[in-house]
Amino acid sequence: AITALLSHLIRKALDAVIRRNSKILHTDPTNFIFIKNSISFILYAIAIFWIFHKIPYFKALGNALFAGAGVLAAVIGFASQKAFSNIVGGLFILIFKPFRVDDAIEISNNRRGIVEEITLRHTIIRDYQYKRIVIPNSQISEETIINSSITDDKIRKHIEIGISYDSDIDIASNILREEILLHPLALKEPTAQANENPIPVKVIALGDFAVTLRAYVWTRNFEESFELQCAVLKSVKERYEKEGVEIPYPYLTVILRQ
């Protein structure tokens, strides 16, 4: 009971200290959060050792178990393979840092979100519906991870829209570029020269019924890129309707021969 209470209080205190000081010092909180999450394991290990050492009944039981330590170690080792692999996976994540706390990552099955916690056993990811995805460290260590924050939070978003073959490509491209530049979340191309368009718009496909335009626009992070895309698609559709640029839908032309 004392260990449980002590673990809870220390974790709460460390959590407040880590979050506050990492923001002030602009440091990565991953290592400190991992240590915070290891506190419970360390305290319970000390408590169990104390109980077996101080209470006569458990001390006698411990001596009996120690006599059969070889068999016991084999049983415990076999039963805890997954637990140890998760601990080793957590240590590898801590050392090599394929992702850190507060990174925006994407893993298999289009699961994406923000890394909230890295514990001895698992990693917790908060998705964009604020649901928590809990993944064992041994499993996430073997995943192919797309990390949008590993060196820089900025995202280059591709915004695509189709126009009809009868529409003017230059007018449609200019409208798309103008609507992006009007949005406050859009950033200019970092490598663009002074005489270049700040938002490149290119024709990327000549489809069965549409010409596909793609705009390349930078934003500060993944969340802002999604918000920008939604707003731009809405405003571009409204501008296209006013300017007479058609956004086509699949249709079939039937020619009757006599």
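**Side note on the confidence of the model for the chain**
Then step 1. A residue-level look at the chain finds 83% of positions with pLDDT of 70 or above and a mean pLDDT of 82.
Then step 2. At the low end of the mean pLDDT range in the chain sits helix 4 (residues 69–79), at 58; at the high end sits strand 7 (residues 201–206), at 94.

**Points about the sheet that holds strand 4 (residues 132–136)**
Then step 1. Strand order in the open sheet formed by five strands is 4-3-2-1-5, with antiparallel pairing between adjacent strands. Of all strands in the sheet, those bounded by a partner on one side alone are strand 4 and strand 5 (146–147).
Then step 2. In this sheet, strand 3 (residues 122–127) lies alongside strand 2 (residues 111–118) in antiparallel orientation, the contact comprising five bridges. Its bridge partner lying in strand 3, Gly 113 is registered against Asp 127.

**Focus on the sheet that holds strand 7**
Then step 1. Spatially, three strands are ordered 6-8-7 in an open sheet, and the strand pairing comes out antiparallel. The sheet terminates laterally at strand 6 (155–163) and strand 7, the two strands that pair on one side only. Shown here is a sheet whose adjacent strand axes are inclined to one another by a mean of 30°, direction ignored.
Then step 2. Note: strand 6 against strand 8 (residues 211–219), nine bridges, orientation antiparallel. Along strand 8, the bridge assignment pairs Gly 162 with Thr 212.
Then step 3. Of the strands in this sheet, strand 6, strand 7 and strand 8 touch helix 7 (residues 169–182), which is tilted by about 25° from strand 8.

**Quick notes on the nonpolar core**
Then step 1. In this structure, Ile 163, Leu 176, Ile 180, Leu 213, Val 217, Val 232 and Tyr 240 are the most contacted members of the largest nonpolar core, which totals 19 residues.
Then step 2. Of all the secondary structure elements, the ones that give two or more residues to this core are strand 6, helix 7, strand 8 and helix 8 (222–243).

**What to know about the packing of helix 7 against helix 8**
Then step 1. Running from N to C, helix 7 and helix 8 point in directions that differ by 140°, and their axes come no closer than 9 Å. Judged by the angle between their axes, helix 7 and helix 8 are oblique. In this structure, the crossing between helix 7 and helix 8 has a hand that is right-handed. Packed against helix 7, whose contacting residues are Ala 172, Ile 175, Leu 176, Glu 178, Glu 179 and Ile 180, the element helix 8 presents Val 232, Ser 235, Val 236, Arg 239, Tyr 240 and Glu 243 at the interface.

**As for the packing of aromatic side chains**
In this description, an aromatic ring pair is defined by two values, namely the gap between the centres and the angle between the planes.
Then step 1. Taken as a whole and judged by the stated rule, the model has two aromatic pairs.
Then step 2. Aromatic side chains Phe 92 and Phe 96 sit 6.0 Å apart centroid to centroid with 70° between the ring planes, which places their arrangement in the edge-to-face category. On the criterion of helical spacing, the pair formed by Phe 92 and Phe 96 is a turn pair, its members being four residues apart in helix 5 (residues 81–96).
Then step 3. Of the residues examined, Phe 92 reaches a relative accessible area of 47% and is grouped as partly exposed.

Rules and cut-offs
Residues numbered from 1 in each chain as written. Predicted model: local features only at pLDDT ≥ 70, side-chain atom pairs only at ≥ 80, totals over all residues. Heavy atoms only, no water. pLDDT = per-residue confidence, 0-100. Helix = DSSP H or I, 4+ residues; strand = E, 2+ residues; numbered from the N terminus. Pairing = 2+ DSSP bridges. Axes fitted to C-alpha atoms, helices over the stretch in contact; angles between N-to-C directions. Contact = heavy atoms within 4.5 Å. Core = buried A, V, L, I, M, F, W, Y, C linked by side-chain atoms within 4.5 Å. Buried < 20%, exposed > 50% of the residue type's maximum accessible area, 1.4 Å probe, protein only. Parallel < 35°, antiparallel > 145°, perpendicular 65-115°, else oblique. Left-handed = near helix turned anticlockwise from the far one by under 90°. Phe/Tyr/Trp six-rings, centres within 6.5 Å; stacked < 30°, edge-to-face > 60°.

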